[in-house]
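This is what each chain is made of:
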Amino acid sequence: MEPDTCALPGPAPEARSAAVPTHPGTPTLADLTTLRVGGPVGRYVEATTEAELVETVRSADAAGEPVLVLGGGSNVLAADAGFAGVVVRDVRGGVQVPDASACAGVTLTVPAGTVWDDVVAYAVEHELVGVEALSGIPGSTGATPVQNVGAYGQEVAETIAQVRVWDRGAGRVRTLAWVNLAFGYRTSLLKRSMRETSTADPRAPWAPTPRYVVLDVTFQLRPGSLSAPVAYPELARTLGVAVGERAPLAEVRAAVLALRARKGMVLDADDHDTWSAGSFFTNPVLTAAAAEHLPADAPRWALPDGGVKTSAAWLIEHAGFGRGHGAPGPAALSSRHTLALTNRGGARAADLLALAGQVRDGVLDRFGVALEPEPVLVGAALPAVPATAG
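About the thresholds
Residue positions are counted from 1 within each chain, in the order its sequence is given. With the structure being a predicted model, the display of local features is reserved for residues of pLDDT at least 70 and the display and counting of side-chain atom pairs for 80 or more, all residues being used for whole-chain, interface and lining totals. Note that the side-chain values use all heavy atoms of the structure and ignore hydrogens as well as water. The buried label goes to any residue with under 20% of its type's maximum accessible area, the exposed label to any with over 50%, and the partly exposed label to all in between, with areas taken from a 1.4 Å probe on protein chains only. Strands here mean DSSP runs of E at least two residues long; helices mean DSSP runs of H or I at least four residues long; both are numbered from the N terminus. At least two DSSP bridges between two strands are required for those strands to pair. Note on aromatic pairs: the rings of Phe, Tyr and Trp (six-membered ring only in Trp) are paired at centre separations within 6.5 Å, and the planes decide the class, stacked below 30 degrees, edge-to-face beyond 60, tilted for the rest. Pairs of N or O atoms are called polar contacts if they sit within 3.5 Å, as long as, within protein, a hydrogen donor faces a hydrogen acceptor (for residues adjacent in sequence, only side-chain-to-side-chain pairs). By definition, residues are in contact when any of their heavy atoms lie within 4.5 Å. Using only the protein atoms, space was sampled on a 1 Å grid; points where a 1.4 Å probe fits but cannot get out form cavities, open sets with protein on both sides within 12 Å along at least five of seven lines form pockets, and lining residues are those with an atom within 4 Å of a point. Grid points are joined across faces, edges and corners, and a volume is the space filled by probe spheres set on the points. Polar here means any residue outside two lists: the nonpolar Ala, Val, Leu, Ile, Met, Phe, Trp, Tyr, Cys and Pro, and the charged Asp, Glu, Lys and Arg; Gly therefore counts as polar.

Participant: Got a minute to help me understand the pairing of strand β10 (residues 160–167) in this structure?
Facilitator: Buried residues dominate β10, accounting for 6 of its 8 residues. Two strands pair when backbone bridges link them, and β10 and strand β12 (residues 212–223) are joined in this way by 7 bridges, in the antiparallel orientation. Bridging from a neighbouring strand, Ile 160 pairs with Phe 219 of β12. As defined by bridge partners, β10 adjoins strand β11 (residues 172–177) across 6 bridges and the pair is classed as antiparallel. Note on β11: the bridge partner recorded for Asp 167 is Arg 172. Here β10 hands over to β11 after 4 residues, with Gly 171 in that stretch at a positive phi of 70°.

Now the structure itself:
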């Protein structure tokens, strides 16, 4: 996550949209998102059953009403003007265990609205291996396959067997196996369907909610008291093991939570350094030729397809945007992690967007690398790239 700026550009395009009327008793998008910005909504529904979730989305689509499906609201930057449609929040929870055979591993099926960290805590408590390094990531379980969330050397795609979805295009429930989900770095078929276009379907593109609305996620985990091989050097150092070695599951979870807390990446209502959407920009993936133009000391990770991933945080810092840039606010980079764009208590969406645009433009001008935002922008957009940038 990275944004920031001292001299902020003018309002982003989202500020020009018409405001949504306020309805007494209806929460705003600021109430529903971890960035705590965003205006009123046209209609708000809390879905307590799968049938209610499906029917709300189906009926809104049939009426041509815009739809925003939310879980924890941890990966959303919503416009100050609000959202003139239905916001449906999935509040279902729980973990089901349909199969716990020793040979096949343990299967967990989790409703999309379940708090993700509750799933990780369950897995660690029951000695199930594969998601322990994903501790402390805010948001709901249904969002994890969409983004293919990852941290500290693990990605959720490594443990997913299938995802059940409501297919808004076909008007039916579908089960998508791992092979069909087309996972990539911080992406999936689910995420890409948000931008899907089709001349045969006037409703596409589907944003801000994908064509495929996640109903539940099935994970396949391996029984064991030790973690998967620790792949992330910082985590390995914290645990006192070598990269590739294993550690007790509970110790890995505790270490990850401590690392995330030190970086302001564990939500705390009293700490503005955590009023963020997590990492605001994804780590850029470059061609091998483009990566050659990076400075010699820039991080590089070779990918199986021949691409090269580099560090967004490194680029931001070396473009002149250090921790706390933009303070005292109203929007600033976290004082603990340059990837986190934070609301210092009184920010509006326009403040965060302007900050993000300045950081993006600074990195583009310095390194020729275009950073891409990670959160879903609801009725919002970053400022246009200046003609001279890059």
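Next comes the rest of the write-up.
Participant: How do you make sense of the packing of aromatic side chains when you look at a structure like this?
Facilitator: Aromatic ring pairs: the centre-centre distance and the angle between the two ring planes describe each pair. Applying the stated rule across the entire model yields 4 aromatic pairs. Taking the centre distance of 5.2 Å and the plane angle of 80° together, the rings of Tyr 152 and Tyr 232 count as edge-to-face. Note that Tyr 152 is positioned in the loop between β8 (150–151) and β9 (154–155) and Tyr 232 in the loop between β12 and α6 (233–239), a separation of 80 residues in sequence. Judged by its relative accessible area of 10%, Tyr 152 falls in the buried class. Overall, the relative accessible area of 33% leaves Tyr 232 in the partly exposed class.

Participant: Explain the side chain of Thr 274 to me, please; I cannot follow it from the model alone.
Facilitator: Position of Thr 274 relative to the elements: it lies in the loop between α7 (249–262) and β13 (285–286). The exposure class of Thr 274 is buried, given its relative accessible area of 4%. A polar side-chain atom of Thr 274 sits 2.9 Å from the main-chain carbonyl oxygen of Asp 271. In this structure Thr 274 touches Gly 264, Val 266, Leu 267, Asp 268 and Arg 336, once residues within four positions along its chain are discounted.

Participant: It is not clear to me how the sheet that holds β13 should be interpreted in this structure. Could you clarify?
Facilitator: Strand pairs in the sheet, formed through backbone hydrogen bonds, run parallel or antiparallel to each other. Here 3 strands make up an open sheet; going across it, the order is β13-β15-β14 and the pairing antiparallel. The outermost strands of the open sheet, each flanked by one partner alone, are β13 and β14 (301–302). Both β13 and strand β15 (residues 308–309) contribute to a ladder of 2 bridges, which runs antiparallel. In the sheet register, Val 285 faces β15, and the bridge partner there is Lys 309.

Participant: Can you walk me through empty space enclosed by the protein in this structure?
Facilitator: A water-sized probe, rolled over the atoms, reveals where empty space remains. Per the stated rule, a full pass over the model turns up 1 cavity of 30 Å³ or more. The space that makes up the largest cavity amounts to roughly 60 Å³. Considering the residues around the largest cavity, the lining is formed by Glu 132, Ala 133, Tyr 152, Gly 153, Gln 154, Ser 227, Ala 228, Pro 229, Val 230, Ala 231, Leu 235 and Val 252. When grouped by side-chain class, the residues that make up the lining of the largest cavity number 8 nonpolar, 3 polar and 1 charged.

Participant: Just to check I follow, could you spell out the layout of surface pockets for this structure?
Facilitator: Considering only enclosed or pocket space, the second largest pocket measures out at about 450 Å³ in volume. Around the second largest pocket, the lining comprises 28 residues; the ones closest to its centre are Thr 34, Gly 72, Pro 138, Gly 139 and Leu 267. Looking at the lining of the second largest pocket, the elements that each hand over two or more residues are α1 (29–32) and β4 (83–90). Take the lining of the second largest pocket: its biggest share by element is 3 residues, from α1. Of the residues belonging to the lining of the second largest pocket, the class tally is 11 nonpolar, 11 polar and 6 charged.

Participant: Would you explain unusual backbone geometry in this entry?
Facilitator: Note: most residues except glycine have negative phi, and most peptide bonds are trans. The step from Ala 327 to Pro 328 runs through a cis peptide bond, and the omega angle for that step is 10°. Along the chain, Pro 328 falls in the loop between α9 (312–318) and β16 (331–333). A cis amide bond links Gly 329 to the next residue, Pro 330, at an omega of 15°. Relative to the elements of secondary structure, Pro 330 occurs in the loop between α9 and β16. Residue Glu 127 is not a glycine yet carries a positive backbone phi of 55°. One can find Glu 127 in the loop between α3 (116–125) and β7 (128–129). Overall, the relative accessible area of 44% leaves Glu 127 in the partly exposed class. Backbone geometry places Arg 186, a non-glycine residue, at a positive phi of 55°. With respect to the helices, strands and loops of the structure, Arg 186 is situated in the loop between β11 and α5 (189–192). Assessed through its relative accessible area of 14%, Arg 186 is described here as buried.

Participant: I'm lost on the environment of Val 252 in this one. Help?
Facilitator: Checked against the element boundaries, Val 252 lands in helix α7. For Val 252, a relative accessible area of 2% gives the class buried. Sequence spacing of Val 252 and Val 230 is 22 residues, and the spatial spacing of their C-alpha atoms is 8.8 Å.

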